[in-house]
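Residue-level structure breakdown
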Amino acid sequence: MTSRKLPTKGKISYQWKKSDSLIAHASTKELIALAKNHKDKIQRLIAFRALLTREPHKAVNLAISEIEDTTEVMVSDGCCGEQDIVSNVRICMIQYERNHYKVSVADSMRIDSALLFSNNTPKFYYMYNLYHRLPAKPEYEKRLEQLYGHDLYALIALARHHRENTKQEIIHLLMQTSKKDFWSYRDTIRTALDAVIAWPSASYKQQVRHVCQDLLNKPQLYGSGRSILGALMAYNDRWSYNLIDKTLSKAKQKDQNYFDYSWGLYEAYNDNPLPLFKPLYKKYAIEE
């Protein structure tokens, strides 16, 4: 449902063809009724995509009104399938493809606010993305503190409020890198490093330096290169520049983890394009 083409045959999927047909033949009123009431959850999503194409504002209204819908659905990104909830699929259609569907900034912000204060906030995969963008507004802080008890990633947004208790929590999570089973602690480590990116405090600079150096020496990064390199770059200092340069140079020579490092550098620099790291970006980054 989330990918237009089938991964093996390169053909347009049945769901997208049906959605295109609805765009061409169904009225807006019919699309809303199908997207909201059809007994088949896949058919609801097919109709929702058609509505989003036709009337993005009305699609946003529907998504917000149905935001507590936790009906489970199997989805595919074109390569593999996973279990999701209907509301999250709708939200991802809107927010990840906002420009394509011509969703206004105001409507996108309405979605963010509704998600933040939903009863089911931790169930939305999109929240990881939102935590990275959420500004440090006073009206969000209490809600983020509530969410942190259920959603580890809320610490990323909390870090922007620069509170002492948050600093101590980041330090505590950084200590988890001493665990030998890196895979089990991957989310914990990534959360800690992403919180460092949000708040590169001098209080834990040396700890971050040690943690990142240790992680970069591991045989696999498990998709955490963006967080590791981003945390180093957040300090915008020559020591972090030298560590990144040394690591990628060594990886390139030995052909170990080089693609992961290079892709992580590409993502981290585009997140935070500090002039100091531009030479490294030109030297190592693998672009899309």
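Figured I'd write up the structure that's included with this text. (Residues numbered from 1 in each chain as written. Predicted model: local features only at pLDDT ≥ 70, side-chain atom pairs only at ≥ 80, totals over all residues. Heavy atoms only, no water.)

Digging into the overall build of the protein
Heads up, the condition is: Elements are defined by DSSP. Helices are runs of H or I of four residues or more, strands are runs of E of two residues or more, and each kind is numbered from the N terminus. When accessible area is computed with a 1.4 Å probe and restricted to protein chains, residues below 20% of their type maximum are described as buried, those above 50% as exposed, and intermediate ones as partly exposed. Areas reported as accessible are Shrake-Rupley estimates using a 1.4 Å probe. Residue values count occlusion only from the protein chains shown.
Check the secondary structure of the protein and you find 16 helices and 2 strands. Across the 288 residues in the protein, those meeting the buried criterion constitute 48%. As displayed, the protein has an accessible area near 15,100 Å², and 50% of this comes from carbon and sulfur atoms.

Notes on the pattern of salt bridges
Under the convention used in this document: Any Lys or Arg side-chain nitrogen found within 4 Å of a carboxyl oxygen on Asp or Glu counts as a salt bridge.
In this structure the tally under the stated criterion is 10 salt bridges. Among the ionic pairs, Asp112 bridges to Arg133, the shortest N-O distance being 3.4 Å. Pair noted here: Asp112 is in helix H6 (residues 105–116) and Arg133 is in helix H7 (residues 127–133), with a separation of 21 residues, a long-range link. Looking at Arg133, the relative accessible area reads 44%, which means it is partly exposed. For Glu267, the salt bridge goes to Arg226, with nearest N and O atoms at 3.5 Å. Residue Glu267 is located in helix H15 (residues 258–271), and its partner Arg226 is located in helix H13 (residues 225–234); the two are separated by 41 residues in the primary sequence. For Arg226, a relative accessible area of 36% corresponds to the partly exposed category.

Considering helix H4 (residues 56–65)
Note the cut-off: Directions pointing from the helix axis toward each C-beta atom define the arc.
Every buried residue of H4 is accounted for by Pro56, Ala59, Val60, Leu62 and Ala63. Along the long axis of H4, the arc covered by the buried residues comes to 160°, so they all point the same way.

Brief notes about the side chain of Ser87
What counts here: Counted as a polar contact is a pair of N or O atoms within 3.5 Å, where, for protein atoms, one must be capable of donating a hydrogen and the other of accepting one, and residues adjacent in sequence contribute only when both atoms are in side chains. Residues are treated as being in contact if the distance between any of their heavy atoms lies within 4.5 Å.
Looking at the secondary structure, you find Ser87 in helix H5 (residues 86–96). Only 3.3 Å separates the side chain of Ser87 from the backbone oxygen of Ile67, close enough to count as a polar contact. Dropping the residues within four chain positions of it, Ser87 is found in contact with Glu66, Ile67, Glu68, Asp69 and Phe124.

A look at H5
With 10 of its 11 residues buried, H5 lies for the most part within the structure. What H5 keeps buried is the set Val86, Ser87, Asn88, Val89, Arg90, Ile91, Cys92, Met93, Ile94 and Gln95.

Thoughts on the environment of Glu141
Mapped onto the elements, Glu141 comes out in helix H8 (residues 138–148). We classify Glu141 as buried; its relative accessible area is 11%. Other than its neighbours up to four places away in sequence, Glu141 contacts Leu158, His161 and Arg163. Here Arg163 takes part through its side chain, which lies 2.7 Å from a polar atom of the side chain of Glu141.

Comments concerning unusual backbone geometry
Even without glycine at this site, His162 takes up a positive phi of about 55°. Within the secondary structure layout, His162 lies in the loop between helix H9 (154–158) and helix H10 (164–174). The class for His162 is partly exposed, based on a relative accessible area of 47%. The phi dihedral of Asn236 falls on the positive side, at around 50°, and the residue is not glycine. Structurally, Asn236 can be placed in the loop between H13 and helix H14 (238–254).

Here we look at the packing of helix H2 (residues 28–37) against helix H3 (residues 41–54)
Short version of the rule: Only the contacting stretch of a helix is used when fitting its axis, a line to C-alpha atoms as for every element, and angles between N-to-C directions run 0 to 180 degrees. If you view the pair so one helix is near and one far, a crossing is left-handed when the near helix is turned anticlockwise from the far one by less than a right angle, and right-handed when it is turned clockwise. The residue classification treats Ala, Val, Leu, Ile, Met, Phe, Trp, Tyr, Cys and Pro as nonpolar and Asp, Glu, Lys and Arg as charged. All others, Gly included, are polar.
One way to put it is that H2 packs onto H3 with a least axis distance of 7 Å and a crossing angle of 145°. In the packing of H2 onto H3, the handedness of the crossing is left-handed. Counted together, Thr28, Leu31, Ile32, Leu34, Ala35, Lys36 and Asn37 of H2 and Arg44, Ala47, Phe48, Ala50, Leu51 and Arg54 of H3 form the full contact between these two elements. Residue composition of the contact of H2 with H3, grouped by class: 8 nonpolar, 2 polar and 3 charged.

Quick word on the packing of helix H11 (residues 186–198) against helix H12 (residues 205–216)
For clarity, the threshold we go by: Every angle not falling under 35 degrees, over 145, or within 65 to 115 is termed oblique; those three ranges are roughly parallel, roughly antiparallel and roughly perpendicular.
Where H11 contacts H12, the two axes come as close as 12 Å, and the packing angle between them is 135°. Compared by their axis directions, H11 and H12 come out oblique. Where H11 crosses over H12, the two elements pack in a sense that is left-handed. Two secondary-structure elements touch here, H11 through Ile189, Leu193 and Val196 and H12 through Val208, Val211, Cys212 and Leu215. Along the lines of polarity and charge, the residues of the contact of H11 with H12 split into 7 nonpolar, no polar and no charged.

So, the environment of Arg90
Mapped onto the secondary structure, Arg90 falls in helix H5. Looking at Arg90, the relative accessible area reads 1%, which means it is buried. Remark: the alpha-carbon pair of Arg90 and Ala59, spanning 31 residues in sequence, is separated by 8.9 Å. With residues near it in sequence (within four places) discarded, Arg90 still touches Ala35, Arg44, Leu45, Phe48, Leu62, Ala63, Glu66 and Asp69.

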